Each structure stands twice: as structure tokens, then as C-alpha cells.
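Observations on the model geometry
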Amino acid sequence: MLSTDPDQPTAPPPERIAAIDIGSNSIRLVVAQVDPSGGYRVIDEERENTRLAGEIDATGRLGDEAVEASFVALRNFLHIAAGYQVKQLRAIATSAVRDAANGRAFCDRAAEELGLAIEVISAEQEGRLAYLSVARAFDVTELPIAVADIGGGSTEIVLASGGLIDEVFATRLGAVRVAERCGLIAETDAHGLQAAEAFVDRQLRRCVGKAPLVPSRLYGAGGTFTAMASAMMARAGEAEAPLRGYQTTRAKVRHLMTDLAGMPLEKRRRVAGLNPRRADIIVAGLLVIDRVMRRLKVNLVQVHTGGVRDGLLLTMIEESLTAGRT
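This section reports on the structure supplied with the text. (Residues numbered from 1 in each chain as written. Predicted model: local features only at pLDDT ≥ 70, side-chain atom pairs only at ≥ 80, totals over all residues. Heavy atoms only, no water.)

**Description of the overall build of the chain**
- Tallying secondary structure elements over the chain gives 12 helices and 11 strands in all.
- Its C-alpha atoms give the chain a radius of gyration of 20 Å, within 12% of the compact-globule value 20 Å for 326 residues.
- For the chain, the spread of C-alpha atoms along the three principal axes comes to 75 × 45 × 40 Å.
- Buried residues in the chain amount to 52% of all 326 residues.
- For the chain, restricting intrachain contacts to residue pairs at least 6 apart in sequence, the fraction spanning at least 24 positions comes to 70%.
- By element, 50% of the accessible surface of the chain is carried by carbon and sulfur atoms, the whole surface being about 15,100 Å².
- Averaging the coordinates of the 39 positive side-chain charges in the chain and doing the same for the 41 negative ones gives two points 7 Å apart. (Helix = DSSP H or I, 4+ residues; strand = E, 2+ residues; numbered from the N terminus. Rg over C-alpha atoms; globule rule 2.2 N^0.38 Å. Buried < 20%, exposed > 50% of the residue type's maximum accessible area, 1.4 Å probe, protein only. Contact = heavy atoms within 4.5 Å. Areas by Shrake-Rupley, 256 points an atom, 1.4 Å probe, with all protein chains shown as cover. Lys, Arg positive; Asp, Glu negative; His and termini not counted. Charge placed at Lys NZ, Arg CZ, Asp CG, Glu CD.)

As C-alpha cells, then:
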């Protein structure tokens, strides 16, 4: 029974923290309540597709329309976080802001207009945050594994064994970039897919080379993986099953990729289980999954519904605990 004695000290309310992930395809907010064990419970998640990477390959800059949409999203996310009375909020930006000529100006404007400090993280930091998220969700301490974090502008590949990271490989093979560079947005024939495969393979040879280990499986983080799982589950009549932990093979990834590639964009938008806003980049994302699996000689992929933002939350909690011990 709760005490009503006004002189008896009461426990402080659980701490709330928030993370904003400014990605190349979407901006995400996660608000979490920290628990005493050093973990957290998500109490709210928001996402807006702003496609910041949409014009980078063509112009080298963040497009004006995408920037304005991003600021609308960020202003709304800050309002939501304030409503939850979060004690700490961190915002990170990844490939699009990192690579754009006006990326620094984007961050400066956020600081001036919104009072938001944005940390532009490196591709290696991005991969390590994704790995932290996967390691929290799954037991990765026994067999060698790989983690791929596919965003709109880049894909980070992490190789780990015994629960420790061995290598982090950074590539510019994001779903938005590959879709636009290889012409995969609309209906694509076999010749077009083969040309795109050759392009992705060249980039992987250059960025990854010969992997130092053969993973037992690939853990996938990012919207491409969850979109893939959702579409596959809808086809199998399993739409109500949880996405996290969904497993499939490279052969099934290729089958879905070729099916979707052969569809006009409007038909692709109506595919059961597939978010229509992702229809123009899903073939490119699936192609990256397929070629990464081929390069790493791994046949099984398992879907993780978290990602970089979850790794950021864990880092924030660990830093807070460390500061409290000093």
C-alpha cells in the first residue's frame, strides 16, 4: 500500500529520454522511459518520410522541399518530446546530412530556429549504434554474425563474433541512392536488374573486399527489412505475426525483388503489406540485401525492427549511468 505520510521521501519519477534520428529517407522520434536495470521502455514513436537524400546524387545538396518538410517534422517532434517532459534529448543525422554540401547549413538552421543541436555521426558510428540495438534484442554471443543497416543514403555492414565487433564497413548503397542511380523506381526488366546488381557488386567489392569471417546469419535493421518482412508475411497470410525476428532466405528475397521489379509503380503501391510510400525504393533495398548476402556468403536473414535510434538510447543511458558513478 502506498504511504500518505508527507514526511516520507518518495521515489523520483522514472526518467524519460528521447532520440531523433534524421535519416536519408525518414526522420524518426522515439521517446522512452528508463528502467532501473539500465534498459528502457518505448512510450512513443513517430516517423515522417522526408526523403532528404532525394536530390543528393544529382545536385550534391539537400533539396529545398525535403528540408522544409524535415523542419516541420522536427518542430513537431520537439513539441511531442516536451509534452512527455523528457529529461534528455539527442538528435543525430546520418548519410544525407553528412554528405550534402548544405548539410552544415541544415544543422546551423536547426540550432538557430529550433534550439536543436544535431550531431552528424560517421558511418562507423552509425553501424556501431545499429549493432548495439541488435545485440540488445537478440543473443549474438555464440556464432559469428553480420548486421546490415540499410538507410536511404547508405548501408553499414557490421561483422561481429563472440559479442564483439570485428569490422564495420561503410557503403553509399542506400535504398534511395541505388533506386535513383540504377533506375529501379519504376518497372524494371531483367537487363535493368542485372545492371543494378553489377553496380552494387562493384561497390561492395570496393568497400567490403573479402570478409574476415562467414556469418551464420544476417540481422537486418532499417525500413527495407521491415517492409520486406511485412510484404512476405502478407503473401503468406501471416500479417498479424510480429515483424521482429522474422526470418527468410536469400532465395525468397530474390523472388520478392524480381516480382516487385516487374510491376508498374502504381501496382507496386497496392501490394499487400507494403507501405505505398516505400514502393519506389523497395526494389533497390531488396537488391542491396540480396547482394550483401551474396558477398558475405550468408543464406539466412533475420529482421530487427529497431536500429540506430535504439542504439542511441542505449548509449545515452550508459553515459548517464557512468556519470552517476563518478
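**Overview of the state of the cysteines**
- Applying the stated criterion across every chain, the model contains 0 disulfides.
- Not engaged in a disulfide, the cysteine Cys182 finds its nearest cysteine sulfur in Cys207; these two sulfurs lie 14 Å apart. (Disulfide = S-S within 2.5 Å.)

**Some details on unusual backbone geometry**
- Positive phi is not limited to glycine here, since Arg51 has a value of about 55 degrees.
- Along the chain, Arg51 turns up in the loop between strand 3 (40–49) and helix 1 (56–59).
- Its relative accessible area of 22% is what places Arg51 among the partly exposed residues.
- One non-glycine residue, Lys297, adopts positive backbone phi at about 60 degrees.
- With respect to the element layout, Lys297 can be found in the loop between helix 11 (282–296) and strand 11 (300–304).
- The exposure class assigned to Lys297 is exposed, which follows from its relative accessible area of 67%.

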